[in-house]
Amino acid sequence: MTAIDELTRERDMVVNMIGGVRSAHTVGDVDAMAEVARGIAAVLRPHTEVEERVFPLLNR
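Residues numbered from 1 in each chain as written. Predicted model: local features only at pLDDT ≥ 70, side-chain atom pairs only at ≥ 80, totals over all residues. Heavy atoms only, no water.

Student: What is the right way to look at the overall build of the protein chain in this model?
Tutor: When helices and strands are counted, the protein chain shows two helices and zero strands. Taking 10 Å as the expected radius of gyration for a compact globule of 60 residues, we find that the protein chain reaches 14 Å, considerably beyond that expectation. With respect to the principal axes defined by its C-alpha atoms, the protein chain has extents near 50 × 15 × 15 Å. Split into buried and exposed, the 60 residues of the protein chain put 17% on the buried side. Of the accessible surface of the protein chain, which amounts to about 4,500 Å², a share of 58% is contributed by carbon and sulfur atoms. (Helix = DSSP H or I, 4+ residues; strand = E, 2+ residues; numbered from the N terminus. Rg over C-alpha atoms; globule rule 2.2 N^0.38 Å. Buried < 20%, exposed > 50% of the residue type's maximum accessible area, 1.4 Å probe, protein only. Areas by Shrake-Rupley, 256 points an atom, 1.4 Å probe, with all protein chains shown as cover.)

The structure is reproduced here in structure tokens:
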């Protein structure tokens with residue numbers, strides 16, 4: 001899997017996770033919203049590192 005494929009997969013994962021935040025918000029479940037937000041942060045942390053390493057290489 002290429003870095004771009006992995007970034008796309010992670011983006012799709014985060015989009016789906018945002019749906020979980022919305023669902024939790026609808027029912028007022030703050031704990032669930034926080035749990036999903038922590039999951040999103042866990043995905044985005046390495047995702048951002050890869051973006052910062054890969055995208056500058058694409059501009060060469």
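Student: It is not clear to me how the side chain of His 47 should be interpreted in this structure. Could you clarify?
Tutor: Note that His 47 resides in helix α2 (residues 30-58). In contact with His 47, other than residues within four places in its own chain, are Leu 7, Glu 10 and Arg 11. (Contact = heavy atoms within 4.5 Å.)

Student: Sorry if this is basic, but what is going on with the environment of Ala 41 here?
Tutor: You can see Ala 41 is positioned in helix α2. A C-alpha to C-alpha distance of 9.1 Å links Ala 41 and Val 14, two positions 27 residues apart in sequence.

Student: Help me understand the pattern of salt bridges, please; the structure alone is not making it clear to me.
Tutor: Side-chain pairing between opposite charges can occur once the charged atoms of the two side chains come close. Scanning the entire structure with this criterion turns up two salt bridges. Residue Glu 6 pairs with Arg 9 through a salt bridge whose shortest N-O separation is 2.6 Å. Note that Glu 6 and Arg 9 are positioned in helix α1 (residues 3-26) at a spacing of three residues, about one turn of the helix. Under the relative-accessibility criterion, Arg 9 is labelled partly exposed at 37%. (Salt bridge = Lys/Arg side-chain N within 4 Å of Asp/Glu carboxyl O.)

Student: Would you mind showing me how to read α1 here?
Tutor: Every α-helical turn comprises 3.6 residues, leaving residues that sit three or four positions apart pointing alike. Its 24 residues give α1 an end-to-end C-alpha distance of 35 Å, which sits within 8% of 34 Å, the value for a rise of 1.5 Å per residue. Within α1, the full set of buried residues consists of Leu 7, Glu 10, Val 14, Met 17 and Ala 24. Within two residues after α1, Gly 28 carries a phi angle of roughly 75°, on the positive side. (Expected span 1.5 Å × (residues − 1).)

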